[in-house]
Amino acid sequence: MTLWNYYHTPASVDEALELLRSYAGKARVIAGGTDLLLDIRQGHLPPPEALIDITRIGELCDLHQDGDWLVLGAGVTHTRIVSTDLIAARATCLVESCGVVGGPQVRNVGTLGGNVAHALPAGDGTTSLVALDAEAEVILDGERRWYPIRELFVGPGMSLLDPTRDLLIRFRFKLSGPYEATAFKRIMRPQGVALPILGCAAWVRLDESGEYYADVRLCIGPVDRVPVRAEAVEAALCGQPVGSDAVERAIQAAHEGLHPRTSRYRATAEYRDEMIDVLLRRVLPLAAERAQTGQAVPEGVGIE
Amino acid sequence: MEQKNLLIGQSVRRMDAVGKVTGETPYPGDIDLPDQLWMKVRFSDRVHARVTAIDASRAEAYPGVVAVFTAKDVPVNEYGLSMPDQPVLCGPGSGKEGADIVRCVSDQVALVVAETEEIAAAAVKLIDITYEDLPIVSDIFEAMADGAPQLHAHAPNNILIHYKLRHGDIDSAWDQADVIVEGEYRTGYQEHAYLQPEAGLGYIDDEGRVTVLVAGQWVHEDREQVAHALGLPEEQVRIIYPAIGGAFGGREDMSVQITLALAAMKLRRPIKIIWSREESMIGHHKRHPMVIRARWGATREGRVVAAEATAYADAGGYAYTTTKVLGNAHLMVSGPYEIPNVRVDTYGVYTNNIPTGAFRGFGGPQGAFAAEGQMNKLAEALNMDPVELRALNVLREGSLMSVGSPLPPGVTLDKVLAEGAAQSGYWQSTEDGWKRLPVEQPANPARRRGVGMAMGFKNVGFSFGAPEQNWATVEIHGGAEIERVVVHEAGADVGQGAHTVFVQMVAAATGVPIEKVELIGHDTAYTGNSGSTSASRMTFMAGNAIKGAAELAMEKWQHEERPAIATYQYRPPRTTAYDPETGQADPNFAYGYMAQFVEVEVDLETGQVEVVRVVSAHDVGRAINPTQIEGQVEGGVIQALGYAIMEDLITQDGRVLNPYLSTYLIPTIWDVPREVKSVILEYADPRGPWGARGMAEMPFIPLAPAITAAVCDATGVWIDRIPLTPERVVLSLREQGIGAI
């Protein structure tokens, strides 16, 4: 079957916007296409007249450090993120989440921007960006501005971006500093052609003794229609000494505040509820240990 | 003579390797013909309904549409491999009684033929179908109850088949048993998930025959089914298979064959169709889900004295090969053991679910899941080693099966068990019998390792009195020396490498190098009937036919005939059907024997089961091509791993909720065990060509019960329902207080 009639590879943001304008709603942005093409093929989306491939735009493939910040173009592939030492060391959860997406072929073409734009409540890369408190630069209706990442999401599969008009340009977030670290784990079989049953990314900052949680950001998904921070769990951890008591407090807060749902062919709410415990027991001690030692080696990455 | 010995047992490179690896080999979907049209199917929109009217006017008016076909256009509107119980197209006007009813989502209602695939796809949605819904029955036990909706007039209470087996005196046998174990075993659907979804071309060939180019398992059966539905003599129908992208039993029944032939016959132009993955998953049958209740008893010394089982299988809306699949399950549910008292009842039940039929192992895996689960539980109850218990009870030369007859000569269950156990690394033979070696545990207490084993047997070839034969023709060309040898053999190479083995066997039988052998394969215009590529039968059956034809041709060659041409039909010893009341029979003429040893690691917190290592031992009689045998072992083990742990087709009220490979998960490289060790044993089958036995289904059959035994060894919990999804494992463990918060 025909999935599209025209395929464009613009070299600049302006050219991409102009192409989108000229198709007047009949073209869609493609940034890897590992979700988009499945949706078209399976009939969930009608084939668009044209696909505008943004992965050849220099600005969208940019990846650089700016002081304590990392700037990451929306067209950067999962493979490139996983193989970037700086991200592995100072935004470890992003490597751990991008490293379990799909298989090597999917990671070679799938981009972080595509993952975010798809706006699923369990997108692996998205989960980590939320824990990293990332910001996203977008061009909405012709206007360029930065948004906190969480403000992009409107509903399952829906973001502020109109894929026939708007562009996601890049992300930025602060790299981990002293006493800070991140970790990501997920529950599913060790293959990634499907969505995870549950994912969890944590960013922690310990106090200078290295004994207490000073600040925590936690994203567990899917537990809602959009990716969310587990704020009640974060609050339960802040000020607590690192250790199993803190984890149990976090679990208790999670059960009070998070209510995952049953998906018909992925998992029941009951299983997900129990897996929240497992994930918190695995992710929090790992992140805390990394923050204490200042050493972080990504785990579970399927790149080898 | 030396040449012969060199060729049998040599892993010659597959004839099809280069073409398939480079992508040059055409599969049905890759082939185009000039002036071809495209077809799309309108599958049933309902699970169970009467089609009261079909209005195709909007589709017919769509620019580029050439024709719309419905039930009224099908000359003889019925088909089915074991009985013609399914309409080719459901709807009014065909004259076939009951053909106006759709009984499941696999039913087809209309065909649109158009100038392009896009036009056909757009127009097929424009057919207006009026349905009158009928009550849905999607549970086998509800379907068997009085008052349930009846799907077919020939099956009261929706019972398509009920086999009985009465051997010895079960009622008094329980008194001899010191231990009795009971279990209820449940198995799920399985999708074949072959690489190549259904596709093909229908056209009229140079001699005016309605021709279908398609991927199947038996060209002559396809021809018979197409000819029947079209009301044509078989000579006017031709079936050709180009390369076949996997089958596993999923191509035994019709998919696109009849509809392509119908459209080609009516329009006299080439017609092409390619099913999408979703259409493939909805449009062909699955492995039978079963519920098996079993009760076995043994003496303190470990003699199994009684086995009782009742098996219920969901046939879905139509029979497909249910009667034959359940024939096998009925025999295998009491295992490869000499048990003096056996009682089995096996039921196949129509429901409005997706139909079920042939799939690698053909009822054997479900039977083995119950039988081997019972043996493993008996071992536990007797505090006996599971290998030791089996060694005491396996069928031997001359011992009687539950059906009252012995296995054919060459019974090697005891040898396969012993050599497999010894080579597994998990067991050792001691003066006190077989002993399990301890397994090393991971440091993380949430991860527990365990080891389990199971064994099995499976017929090679058609069973229970079904006519069984294979034709081959061998032509020897040349003058003083043989220049080339041509073999006509229809046996389908579905990807397993049958063609390479045929060529090896021809070369061995005529004493020429394989480069001089030319194979004319699956095309009804040039080959005799081979029977199906199923039941692990093609090496055995085609091998015997090729050997027979080659020997006759060589005789003619010696008598100076040029070319020397001989045709031979191999017919194995006949088998008999189950006695309707007692089930006594001489069911099969050949068997394969196997034993498997599995190491797993269970995450007690998440319920994930990882299969770490599998040792799979097989008596293959004679390994014609050892590398291909290893390929079958590894492929079979991984397919069975998916069946046991991952593959979870979810249905609700007859609808399939996950008809995609993104939601119906099959193993990927990450799920493959770190080692699959093939133990290939060669105890010749006196009836096999060069002693060969069939083997392709064998690595599938005992894996699931070996895995559940390993999981129990790791966790202490028996889980008698597959697939072992993480959620199901967690639930079972928590019920026993393991890994609980």
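Shown above is the structure to which this text applies.
Rules used in this analysis
- Residues numbered from 1 in each chain as written.
- Chains lettered and ligands numbered in written order.
- Predicted model: local features only at pLDDT ≥ 70, side-chain atom pairs only at ≥ 80, totals over all residues.
- Heavy atoms only, no water.
- Helix = DSSP H or I, 4+ residues; strand = E, 2+ residues; numbered from the N terminus.
- Rg over C-alpha atoms; globule rule 2.2 N^0.38 Å.
- Buried < 20%, exposed > 50% of the residue type's maximum accessible area, 1.4 Å probe, protein only.
- Contact = heavy atoms within 4.5 Å.
- Pairing = 2+ DSSP bridges.
- Axes fitted to C-alpha atoms, helices over the stretch in contact; angles between N-to-C directions.
- 1 Å grid on protein atoms, 1.4 Å probe; cavity = no way out; pocket = protein on both sides within 12 Å on 5 of 7 lines; lining within 4 Å.
- Points joined across faces, edges and corners; volume = space filled by probe spheres on them.
- Salt bridge = Lys/Arg side-chain N within 4 Å of Asp/Glu carboxyl O.
- Expected span 1.5 Å × (residues − 1).
- Buried area = accessible area lost by both parts, 1.4 Å probe.
- Polar contact = N/O pair within 3.5 Å; in protein donor to acceptor, adjacent residues only side chain to side chain.

Visitor: An account of the overall build of chain B is requested, with residue identities and associated values reported.
Guide: Along chain B, the regular secondary structure elements total 18 helices and 27 strands. Scaling as 2.2 N^0.38, a compact globule of 741 residues should have a C-alpha radius of gyration of about 27 Å, and chain B matches this with 26 Å. Expressed along its principal axes, the backbone C-alpha trace of chain B runs to roughly 75 × 75 × 55 Å. Looking at the 741 residues of chain B, the share that counts as buried comes to 65%. Within chain B, residue pairs in contact and separated by at least 24 positions form 79% of the contacts whose partners lie at least 6 positions apart.

Visitor: Could you give me a rundown of the sheet that holds strand β10 (residues 167-174) of chain A, with the residues and numbers involved?
Guide: Residues and elements named next belong to chain A. Reading across from one edge, β4-β5-β10-β6-β7 is the order of the five strands in this open sheet, with antiparallel pairing throughout. Either end of the sheet is taken by a strand with one partner, and the two such strands are β4 (63-66) and β7 (143-148). The sheet shows a mean angle of 20° between the axes of neighbouring strands, taken without regard to direction. Looking at chain direction, strand β6 (residues 135-140) and β10 are connected through five bridges and run antiparallel. Across the sheet, residue E137 finds its bridge partner in β10, namely R170. Sitting on the sheet, helix α1 (residues 13-23) touches β6, β7 and β10, and the angle it makes with β10 is about 140°.

Visitor: Could you give an account of the sheet that holds strand β8 (residues 179-187) of chain B, naming the residues involved and the relevant values?
Guide: Hydrogen bonding along the main chain pairs the strands of a sheet, whether they run parallel or antiparallel. Residue and element names in this part refer to chain B. On the basis of which strands lie adjacent, the open sheet formed by five strands has the order β7-β15-β14-β13-β8 and mixed pairing. Only two strands of the sheet have a single neighbouring strand rather than two, namely β7 (159-167) and β8. Strand-to-strand twist across the sheet, computed as the mean angle between neighbouring axes with direction ignored, equals 5°. Pairing of strand β14 (residues 304-316) with strand β15 (residues 342-350), which is carried by nine bridges, proceeds in the parallel orientation. When the bridges of β15 are listed, T310 appears paired with D345.

Visitor: Quick one: what's the story with unusual backbone geometry, residue by residue and with numbers?
Guide: For the bond running from A:G221 to A:P222, omega is 5°, close enough to zero to count as cis. By secondary structure assignment, the location of A:P222 is in the loop between β13 (213-221) and α9 (231-237). For the bond running from B:I722 to B:P723, omega is 5°, close enough to zero to count as cis. Mapping B:P723 onto the fold places it in the loop between α17 (703-715) and α18 (726-735). The residue B:F464 is not glycine, and still its phi comes out positive at about 55°.

Visitor: Describe in detail empty space enclosed by the protein, supporting the description with residues and values.
Guide: Scanning the model with the defined rule gives four cavities of 30 Å³ or more in all. Estimates place the volume of the largest cavity at around 90 Å³.

Visitor: Give a detailed account of the pattern of salt bridges, specifying residues and quantitative values.
Guide: Pairs may arise between side chains of opposite charge once their charged atoms sit close together. Taken as a whole and assessed by the stated rule, the structure comprises 63 salt bridges over all chains. Here A:E96 and A:R290 are joined by a salt bridge, their closest N and O atoms 2.6 Å apart. Of this pair, A:E96 sits in helix α5 (residues 92-98) while A:R290 sits in helix α11 (residues 269-293), and the two are 194 residues apart along the sequence. Here the two residues A:E96 and A:R290 agree in accessibility, since each one is buried. For B:R343, the salt bridge identified is with B:D345, shortest N-O distance 4.0 Å. It is possible to trace a salt-bridge network through shared partners that takes in A:R282, B:R447, B:R449, B:E599, B:E601, B:D603, B:E605, B:E610 and B:R674.

Visitor: Summarise α11(A); cite the residues concerned and give the values.
Guide: With 25 residues, α11(A) should reach 36 Å at 1.5 Å per residue; the first-to-last C-alpha distance of 36 Å fits that figure. At the C-terminal side of α11(A), A:G294 shows a positive phi close to 70°.

Visitor: Please give an account of the interface of chain A and chain B that cites residues and values.
Guide: Across the boundary between the two partners, chain A contributes 23 residues, which contact 29 residues of chain B. Around 2400 Å² of area is buried between chain A and chain B when both sides are counted, 53% of it from carbon and sulfur atoms. There are three salt bridges connecting chain A and chain B. B:R734 serves as the salt-bridge partner of A:E274, at 2.3 Å between the closest nitrogen and oxygen. Between the two partners, chain A and chain B, sit seven residue pairs in polar contact (both at pLDDT 80 or more). Ranked by residue count, the leading element in the side of chain A that touches chain B is α11(A), at seven residues.

Visitor: Which residues make up the side chain of B:N353, and what values go with them?
Guide: Residues and elements named next belong to chain B. Residue placement: N353 occurs in the loop between β15 and α11 (364-382). A relative accessible area of 3% means that N353 is categorised as buried. A polar contact of 2.9 Å, which involves the side chain of N353, links it to the backbone oxygen of S138. In this structure the side chain of N353 is engaged in a polar contact, spanning 2.7 Å, whose partner is the side chain of D314. For N353, the contacting residues outside a window of four places in its chain are C104, S138, Y189, D314, G316, G317 and G654.

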